[in-house]
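# Per-entry structural report
Spelled out from the first residue to the last, the chains are:
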Amino acid sequence: MTKKKQTQAEKFIQTNFADVDLPPTGNLVARMAFLEKENSRLSKALIGQQVSTELILDRVREVWDGHAPMKISAAPTTDKRKLDELVAVLVLSDAQIGKATATYNAAVAHKRITELFADKATQLIKVQRAGFVINDLRIYIIGDMVEGETIFPHQPHEIEMSLFKQAVEAAPKIMSTLIAKMLAIVPKVTVVTVPGNHGRSGSKYSGASPETNWDNVSYHVTKLMLESSLTPQERARLNFRISENFYAIDYVWEWGNFLLHGDTIRGGFAGIPFYGVSRKLHGYIDSIPEPFDYMHIGHFHQSASGVQNYHQWFINGTTESGNTYAQAQLAAAGYPCQRMFFMHKDHGMHSEHLVWLTDERVPTIAKMRRSVAEFDRRNKTTLPPFENETAFKSR
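Please read all numbers here as calculations on a predicted model, not as lab measurements. (Residues numbered from 1 in each chain as written. Predicted model: local features only at pLDDT ≥ 70, side-chain atom pairs only at ≥ 80, totals over all residues. Heavy atoms only, no water.)

Its 23 residues give helix α3 (residues 106-128) an end-to-end C-alpha distance of 31 Å, which sits within 8% of 33 Å, the value for a rise of 1.5 Å per residue. For α3, every residue scored as buried is listed here: Ala 106, Ala 109, Arg 112, Ile 113, Thr 114, Leu 116, Phe 117, Ala 118, Ala 121, Thr 122, Ile 125 and Gln 128. Buried residues along α3 sit against β1 (85-92), β2 (133-141), α4 (163-183), β10 (337-344) and β11 (348-356). Its side-chain oxygen 3.1 Å from the backbone nitrogen of Ala 107, Asn 105 forms the N-cap of α3. (Helix = DSSP H or I, 4+ residues; strand = E, 2+ residues; numbered from the N terminus. Expected span 1.5 Å × (residues − 1). Buried < 20%, exposed > 50% of the residue type's maximum accessible area, 1.4 Å probe, protein only. Contact = heavy atoms within 4.5 Å. Polar contact = N/O pair within 3.5 Å; in protein donor to acceptor, adjacent residues only side chain to side chain.)

In this section: the nonpolar core. If you look at the biggest cluster of nonpolar residues, it comprises 49 residues, and the most contacted ones within it are Leu 90, Ile 97, Ile 139 and Leu 238. Put simply, the parts of the chain that give this core at least two residues each are β1, α3, β2, α4, β3 (188-193), α5 (214-229), β4 (238-242) and β10. Among the elements that take part in this core, α4 stands out by supplying eleven residues, more than any other. In contact with Leu 238, not counting residues within four places along its chain, are Ile 179, Leu 183, Val 189, Val 191, Leu 226 and Leu 230. Of all hydrophobic cores here, the second largest spans 17 residues; its members include Ile 265, Val 277, Ile 297 and Ile 315. (Core = buried A, V, L, I, M, F, W, Y, C linked by side-chain atoms within 4.5 Å.)

Quick look at the side chain of Gln 308 now. With respect to the helices, strands and loops of the structure, Gln 308 is situated in strand β8 (residues 304-308). Polar side-chain contacts of Gln 308 include one of 2.8 Å to the side chain of Ser 278. If sequence neighbours within four positions are ignored, Gln 308 has contacts with Ser 278, Leu 281 and His 282.

Below, the discussion takes up the confidence of the model for the protein. Predicted confidence across the protein gives a mean pLDDT of 81, with 70% of residues reaching 70 or more. Predicted confidence for residues 46-54 stays below pLDDT 50, and this span has one contact to residues more than four positions away or in other chains. (pLDDT = per-residue confidence, 0-100.)

Overall, mixed pairing links the five strands, which are arranged β5-β6-β7-β9-β8 in an open sheet. Looking at the sheet topology across the chains shown, the edges are occupied by β5 (247-252) and β8. Adjacent strand axes in the sheet meet at a mean angle of 20° when their direction is disregarded. Where strand β7 (residues 294-297) lies against strand β9 (residues 311-315), four bridges are found, and the strand directions are parallel. When the sheet's bridge partners are listed, His 296 is paired in β9 with Phe 314. Packing of helix α7 (residues 274-287) onto the sheet brings it into contact with β6 (255-260), β7, β8 and β9, and relative to β9 it is tilted by some 130°. (Pairing = 2+ DSSP bridges. Axes fitted to C-alpha atoms, helices over the stretch in contact; angles between N-to-C directions.)

Structure (structure tokens):
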């Protein structure tokens, strides 16, 4: 190679590979060999990336090809009775779809959300319709619909499917089924969503973009599933609002519902940070540009509510069960539940309900009796009735 060509080659290398750790400047042959090797490595990586992308696209196509269209019964007629009107609202969060415990998995989540929650919500709507008109339903989905796979170190040992399957298959199937059932009950349905922390593409300190959230992916897939399945008339009755921000505001008449997941709230003890919720609510009232009256959050897996001056806050429950981390670290456990409420144009929150998603709730006295019977069975003994049972029953 002539001196002129060597100079040109060195200039090209310095211009285009300034950030690459190359062999010393004087050893042009070694530098060129290094670049050839690096080019080969990057080309293979690019091919691998293209293959992965194609595999993902193929998997999505496979999911869509096997997707059965939503079947909705005849559209409900608009109620034109001259009665006061209510708007029904379902709050759905913390389904952690993909999580596997001794009593919970995606199949259990499907039953609890699309059967128990949907059916009990339908019953509550029918009860309210005895005295009110209900033509409008809102569904607030406020995060952690997927479990994730790298949110904490040992999480891969506690999931039954990949994050991709959680966001593209399992969660959308559950959400779209719930929404389709509600479309068969109420003429107009509006879905408003915000992402949760389990939708992140990595741990809290991984540096992943907050815009890359698999909860939002599951919402978009749910919307696509419904749009591809519903008739034009059915699609006209459905409105979908997916917030890319950490919060959303939904107005029912002029009453503002402030929705966020709740993972930004700190400060408290015993599982529910009452002080942290109160402090954050006070700050949000001034810092969020849109006015609101009610704050709805999830994240804490225990239902709670409170009043702060002229505002109210609500913490939603979870659909999951058998969370050993909550039992061990927080001494927290409870029955799965979600929230539903009704709103009135003049009075705001008309009524609110905890919707329990299990048939296993029994009185404490019955649980104590069952524990004694189980002890007897295992130890082949016969214990006397637990203390004060007779006195308790006689009250």
